[in-house]
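Descriptive structure summary
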Amino acid sequence: MRLTTVNAIYSGLARTYDRELRDDMRYTAYLKVPQLVISALGRPSASILDLGCGTGLSSLLFFEKGCQVTGIDGTGAMVRRARKLPYDKVVQQDLESPWRVKDHSFDAVVMVGVMEYIIHPAILFRRVHSKLVDGGLFGLTVPQKSKWYTDSKLKSYRRNEIVPVIFKAGFNIEFSETALGFEDAGEKVLYWNYLLRKTSPP
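As the structure is a computational prediction, the values presented were derived from the model and not from experiment.

What counts, and at which threshold
- Residues numbered from 1 in each chain as written.
- Predicted model: local features only at pLDDT ≥ 70, side-chain atom pairs only at ≥ 80, totals over all residues.
- Heavy atoms only, no water.
- Salt bridge = Lys/Arg side-chain N within 4 Å of Asp/Glu carboxyl O.
- Helix = DSSP H or I, 4+ residues; strand = E, 2+ residues; numbered from the N terminus.
- Buried < 20%, exposed > 50% of the residue type's maximum accessible area, 1.4 Å probe, protein only.
- Arc of directions from axis to C-beta.
- Phe/Tyr/Trp six-rings, centres within 6.5 Å; stacked < 30°, edge-to-face > 60°.
- Lys NZ or Arg CZ within 6 Å of the ring centre and 35° of its normal.
- Pairing = 2+ DSSP bridges.
- Axes fitted to C-alpha atoms, helices over the stretch in contact; angles between N-to-C directions.
- Contact = heavy atoms within 4.5 Å.
- Left-handed = near helix turned anticlockwise from the far one by under 90°.
- Nonpolar A, V, L, I, M, F, W, Y, C, P; charged D, E, K, R; others polar.

**Considerations on the pattern of salt bridges**
- Tallying each qualifying case throughout the model produces six salt bridges.
- Asp107 serves as the salt-bridge partner of Arg43, at 3.0 Å between the closest nitrogen and oxygen. Residue Arg43 is found in the loop between helix H3 (29–41) and strand S1 (47–51), and its partner Asp107 is found in strand S4 (residues 106–111); the two are separated by 64 residues along the sequence.
- Between Glu174 and Arg197 there is a salt bridge; the shortest N-O distance is 3.4 Å. One end of the pair, Glu174, is in strand S6 (residues 171–184); the other, Arg197, is in strand S7 (residues 187–198), and 23 residues separate them in sequence.

See the structure below:
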């Protein structure tokens, strides 16, 4: 999905985004995926890149653990809110463009509630690989194929579509689970929560 469309969706949501997702839509991935990463890291402090950081929900647990967190998001209204949190840096840019952060500089990357907007997932996975240290972790949500996403003109995946992309980009799957992404008008929309580890070159 083009950045202009994503901006149109999220600019108006920035003020109420956190409350609506947590309270109205039963959104929990912003906690579950960082918990997976923190447990696998096994140490209190690490360097984290949060892709599509939004208002900062998916970085809250990392801040609590004393991690150094860099955020990237394309929506100005979201970035302005995120910059009120203790990020090392928040970069405003399109995730489909080369990221303005150093290669091999992060212990982990997280991307929560973003894959549905990514036009070229294979390129994104390779880019994540390049930003991670050897053995680094990638925690993310992947939307499960459903009519809800199709009707919303968003991307979603079957497992046999996304797993080859993961392996080809040079990651192993450490953990995956089916989880409730959120509820919309009573309809349950499902994610996979993935924890990946950088292994071979892509």
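And the narrative resumes.
**Here's the deal with helix H8 (residues 159–168)**
- For H8, the complete set of buried residues consists of Ile162, Val163, Val165 and Ile166. Looking straight down H8, one finds its buried side chains confined to an arc of 160 degrees; they lie on one side. Across H8 from its buried face, at more than 90 degrees, point the exposed residues Asn160 and Lys168.

**Overview of the packing of aromatic side chains**
- One pass over the structure, following the stated rule, counts six aromatic pairs.
- Where Phe138 meets Phe171, the ring centres are 5.9 Å apart and the plane angle is 45 degrees; that geometry is what we call tilted. You can see Phe138 sitting in strand S5 (residues 132–143) and its partner Phe171 sitting in strand S6, a full 33 residues away along the chain.
- An aromatic cluster is present here, built from Phe125, Phe138 and Phe171 joined pairwise through their rings.
- Over the face of the ring belonging to Trp99 we find Arg127, whose NZ or CZ atom lies 5.6 Å from the ring centre.

**Concerning the sheet that holds strand S3 (residues 89–92)**
- Strand order in this open sheet of seven strands is S3-S2-S1-S4-S5-S7-S6, and the pairing throughout is mixed. Every other strand in the sheet has two partners, leaving S3 and S6 as the edge strands with one partner each. Strand after strand, the sheet turns through a mean of 15 degrees between neighbouring axes, direction not considered.
- Set on the sheet, H8 makes contact with S5, S6 and S7; between it and S6 the angle comes to about 140 degrees.

**Observations regarding the packing of helix H6 (residues 121–131) against H8**
- With their axes 9 Å apart at the nearest point, H6 and H8 run at an angle of 35 degrees to one another. By crossing handedness, the relation of H6 to H8 is classed as right-handed. Across from Pro121, Ala122 and Phe125 in H6, the residues of H8 making contact are Ile162, Val165 and Ile166.
- Considered class by class, the residues forming the contact of H6 with H8 number six nonpolar, no polar and no charged.

All quantities given are derived from atomic positions and should not be read as evidence of function.
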